[in-house]
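# Structural features, examined
Chain residues, written in single-letter form:
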Amino acid sequence: MQSLHDTHVKLLAFDILSLIPSSSHPNTVIRKGTHILSCAETLDIVTFWEHKSDRFLKFTIDDGTGCIPCVIWLNQLTSPYFSRRCPPDVRRIAEVAKSFATVVQIGVLVRVRGKVGVYRGNVQLTVVDVVVERDPNAEIVHEGGRSESISTKVGFDEGGGGGF
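Residues numbered from 1 in each chain as written. Predicted model: local features only at pLDDT ≥ 70, side-chain atom pairs only at ≥ 80, totals over all residues. Heavy atoms only, no water.

One non-glycine residue, D54, lies in the positive phi region at around 60 degrees. Structurally, the position occupied by D54 is in the loop between β4 (35-52) and β5 (56-62). (Helix = DSSP H or I, 4+ residues; strand = E, 2+ residues; numbered from the N terminus.)

Put into C-alpha cells, the structure is as follows:
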C-alpha cells in the first residue's frame, strides 16, 4: 500500500469527500484501497462559516464538485493538548490560527491545506494553512495541477481529468 502521509495532495472536493477512514492507520484516510493519505490541499470558495470565539472557526468551501467542511482550532491557550508545550510556542501557534481565521470570509477564494480526518462520520479538513487567493487565474491553474499531481505524481490511472 502506497503512503502519502504528511504530503499535501491537491484534490477536488469530490475526491476529499469520497475518502474513507483507514482501519489500520489511525488519523489517516484511504482511497480505493491503494493509497494512504493524511493531508490535502484545495482551492475553493468559502460558502459558510461559524465562529465560536476562542474555540474554533468552522467553515465550508465549495469548488463545484462538493462542499468540504473545514475547522481552524482557536483554543490553543486553553486546551490541555498544548499544556506540555513551551508557552511562547503555544502563543505563536494561537496567533497564527487567529490570523488564518481572519481571512476566512464568505465568497472569498481560499487555498486551504490541512489534515484530512473524520468527525461524526464525515470527512473534514483540520486547517494547517489558509491563504486568500487573489490571482483570478489560480483556480484554472490549480485544476490543472490537481489533474497532473494526482494522475502523474500519485500514479492513479483511471482516465479523465481533475481527480481520482
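Okay, the packing of aromatic side chains next. Scanning the entire structure with this criterion turns up two aromatic pairs. For the pair F56 and W73, a centre-to-centre distance of 5.8 Å together with 70 degrees between the ring planes defines the contact as edge-to-face. Taken together, the positions of F56 in strand β5 and W73 in strand β6 (residues 67-73) put the pair 17 residues apart, joining distant regions of the chain. Given a relative accessible area of 13%, F56 falls into the buried group. With a centroid separation of 5.0 Å and an interplanar angle of 85 degrees, the aromatic rings of Y81 and F82 are classed as edge-to-face. (Phe/Tyr/Trp six-rings, centres within 6.5 Å; stacked < 30°, edge-to-face > 60°. Buried < 20%, exposed > 50% of the residue type's maximum accessible area, 1.4 Å probe, protein only.)

This part is about the pairing of strand β8 (residues 122-132). Sheet topology note: the β6/β8 ladder contains two bridges and is parallel. Along β8, the bridge assignment pairs C70 with L125. As paired strands, strand β7 (residues 109-119) and β8 are joined by 10 bridges and run antiparallel to one another. Within β8, the position partnered with G114 by the bridge is V127. (Pairing = 2+ DSSP bridges.)

Below, the discussion takes up the confidence of the model for the chain. With 74% of its residues at a pLDDT of at least 70, the chain reaches an overall mean of 80. Within the model, the stretch residues 146-164 combines pLDDT values under 50 with 39 contacts to residues more than four positions away or in other chains. (pLDDT = per-residue confidence, 0-100. Contact = heavy atoms within 4.5 Å.)

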